[in-house]
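# Remarks on the overall topology
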Amino acid sequence: MHLGPEGSGIMSHVAFAVDMQALPGWHRSMTDDSLPVVKPRQEERELLRRIKQGEIERYADLIDLHQRHVIRIVGRRVPSDRVEEIVHDVFVKAYVNLGQFSESVSFDHWLAGIAIRTCYDFWRDRARHAVPVSSLTEEHHRWIEQTLSAQSDAQFRRQAETRDAAEVLEWALQRLSPENRAVLTLVHLDGYSVREAAQLLGWTLVNVKVRAHRARQALRNLLRHTSPGSAS
Amino acid sequence: MNEHTDIDVHKLERALTDSYRSRSSYEIDVTRQVMRDVRQLDIERRGWTPPAMLDQLIWRTATRAAAVVLIAALLTVGLFRSQSDGPAFIGEDFESAPFFED
């Protein structure tokens, strides 16, 4: 995966006041490899050329090649019951806009941009319809306490893999604006540089930089007040 | 009000990031549904191509015709003005025509 000079997610954005390496779970890389920025391979170029010339049945081969990649991106961003529908929309949009694909980046990367923007549209649409957001339960509070008291890396990792962890994350993300959610997911959770996030979202660098900072502050404020005694 | 410390917040952030990364992928296949829609789109595109071209042709022709009419009108007015030699000529016409004949 290519990463720009801005660095890789949380680790590059934060000046740590404490030695975070000493804490369980803080030694692993924050980068991800789901959005490679490389030029399309020869066989992929050939496939694209044939589809553009009218051999539409070859598009199934292209879906086959890239489906897992798109499912991975979408699966992390939208509720599980909407993943299939949104992956479908991504491939239909990609087909409609195939003429705009310039081949200056990999098809994967181009497709990732469409997937990310489609997920952003999903949350924007949800925000317009004021879908009620969940609250933290007793189980979630217990998960927070257990995570904070984890004594080993293995224990910390087990905590991170629980259903409660995913639900607490969703609880926090639901409280962010669709724009902040999109940026926070890309920059802080996926670990992409501000420049890459701006490219994928089609937004300006300044906009993404400002939102990345604000979104992280918002997330930190939410997490700060998740102890049972505070209002969450 | 109880608040978590900076260290706790960092730790929770890390746990949530790990949780996000550890999400398992979905076993779904959208190829059939996408291809069904792609074929449908292709049929619609082909079906709509002649009217779309015709529409374009009509608009282009209308624009060009309007431009020709405008240029012709401007030329006619210009020609008329140069031949008539301005308002003085019209004035002479009026003066030479008696109001009442004897």
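Computed from a predicted structure; not experimentally measured. (Residues numbered from 1 in each chain as written. Chains lettered and ligands numbered in written order. Predicted model: local features only at pLDDT ≥ 70, side-chain atom pairs only at ≥ 80, totals over all residues. Heavy atoms only, no water.)

## Brief notes about the overall build of chain B
What counts, and what does not: Starting at the N terminus, helices and strands are each numbered in turn, a helix being any DSSP run of H or I of at least four residues and a strand any DSSP run of E of at least two. The method behind every accessible area is Shrake-Rupley, applied with a 1.4 Å probe, and residues are considered shielded solely by the protein chains displayed.
Helix and strand content of chain B: three helices and zero strands. Put simply, chain B shows about 8100 Å² of open surface, and 63% of that area lies on carbon and sulfur atoms.

## A few points about the overall build of chain A
Heads up, the condition is: Under the scheme applied here, a residue whose accessible area is under 20% of the maximum for its type counts as buried, over 50% as exposed, and between as partly exposed, the area being computed with a 1.4 Å probe on protein chains only. Note on definitions: a residue-residue contact is assigned when non-hydrogen atoms from the two residues lie within 4.5 Å.
The number of helices and strands found in chain A is eleven helices and zero strands. Starting at the N terminus and ending at the C terminus, chain A contains elements arranged as α-α-α-α-α-α-α-α-α-α-α. Among the 232 residues that make up chain A, the fraction classed as buried is 50%. Look at the contacts in chain A between residues 6 or more apart in sequence, and 73% of them connect residues 24 or more apart. When the accessible area of chain A is evaluated, it comes to approximately 10700 Å², of which 49% is carbon and sulfur surface.

## Let's talk about the environment of alanine 15 of chain B
Residue placement: alanine 15 of chain B occurs in helix α1 (residues 6–21). Overall, alanine 15 of chain B belongs to the buried group, its relative accessible area being 0%. Not counting chain neighbours up to four residues away, the residues in contact with alanine 15 of chain B comprise Trp143, Thr147, Phe156 and Ala160 of chain A.

## Comments concerning helix α8 (residues 163–174) of chain A
Going by this rule: Helix span, expected: 1.5 Å multiplied by one less than the number of residues in the helix.
When the terminal C-alpha atoms of α8 of chain A are compared, their 16 Å separation across twelve residues agrees well with the 16 Å that a helix rising 1.5 Å per residue should span. Of the positions making up α8 of chain A, those classed as buried are Ala165, Val168, Leu169, Glu170, Trp171, Ala172 and Leu173 of chain A. Packed against the buried residues of α8 of chain A are α5 (107–128), α6 (138–148), α7 (153–160), α9 (178–189) and α11 (205–224) of chain A together with α1 of chain B.

## Here's the deal with the nonpolar core
Our working rule: Residue types Ala, Val, Leu, Ile, Met, Phe, Trp, Tyr and Cys, when buried and joined through side-chain atoms within 4.5 Å, form a set referred to as a nonpolar core.
Membership of the largest hydrophobic core comes to 51 residues, with the highest contact counts inside it found for Tyr59, Val74 and Phe91 of chain A. Elements that contribute at least two residues to this core include exactly α2 (42–52), α3 (59–75), α4 (83–96), α5, α9, α10 (194–201) and α11 of chain A together with α2 (31–84) of chain B. Sorting elements by how many residues they give to this core places α5 of chain A first, with eleven residues. Non-local contacts of tyrosine 59 of chain A, meaning those with residues more than four positions away in its chain, are made with Ile51, Phe91, Ala94 and Tyr95 of chain A together with Val34, Met35 and Val38 of chain B. Counting 24 residues, the second largest nonpolar core, distinct from the first, contains Leu148, Trp171, Ala172 and Leu176 of chain A.

## A closer look at α1 of chain B
With 16 residues, α1 of chain B should cover 22 Å at 1.5 Å per step; its first-to-last C-alpha distance of 23 Å lies within 8% of that length. For α1 of chain B, a buried count of 13 out of 16 residues is recorded, marking the element as mostly surrounded by other parts of the structure.

## Notes on the interface of chain B and chain A
Test applied: Buried area counts how much accessible surface, traced with a 1.4 Å probe, disappears from two parts once they are put together, with both parts' losses summed. Any Lys or Arg side-chain nitrogen found within 4 Å of a carboxyl oxygen on Asp or Glu counts as a salt bridge. In protein, a polar contact requires one atom able to donate a hydrogen and another able to accept it; more generally it is a pair of N or O atoms within 3.5 Å, and residues adjacent in sequence count only if both atoms are side-chain atoms.
Between chain B and chain A, the contact holds 39 residues from the first and 66 residues from the second. Interface area for chain B against chain A, summed over the two sides, is near 5000 Å², with a carbon-plus-sulfur share of 62%. Area buried by chain B at its contact with chain A is led by Lys11, Arg14 and Tyr20 of chain B, which between them contribute 15% of it. Scanning the region where chain B abuts chain A turns up five salt bridges. The salt bridge involving arginine 224 of chain A is made with aspartate 6 of chain B; its shortest N-O contact spans 2.9 Å. The interface formed by chain B and chain A contains 19 residue pairs in polar contact (both at pLDDT 80 or more).

## Description of the confidence of the model for chain B
Going by this rule: For every residue, the predictor states its confidence as a pLDDT score lying anywhere from 0 to 100.
Per-residue confidence for chain B gives a mean pLDDT of 81; residues scoring 70 or more make up 75%. Taken together, the chains of this predicted complex give a pTM of 0.70 and an interface ipTM of 0.76.

## Observations regarding a nonpolar patch on the surface
Stated precisely, the cut-off is as follows: Only residues whose relative accessible area exceeds 30% and that form no salt bridge are eligible for patches; like-charged ones are grouped when within 9 Å, while nonpolar side chains (Val, Leu, Ile, Met, Phe, Trp, Tyr) are grouped when within 5 Å.
On the surface, a cluster of nonpolar side chains totalling about 310 Å² of accessible area is made up of Leu54, Leu57 and Ile58 of chain B. Its place among the elements puts isoleucine 58 of chain B in helix α2.

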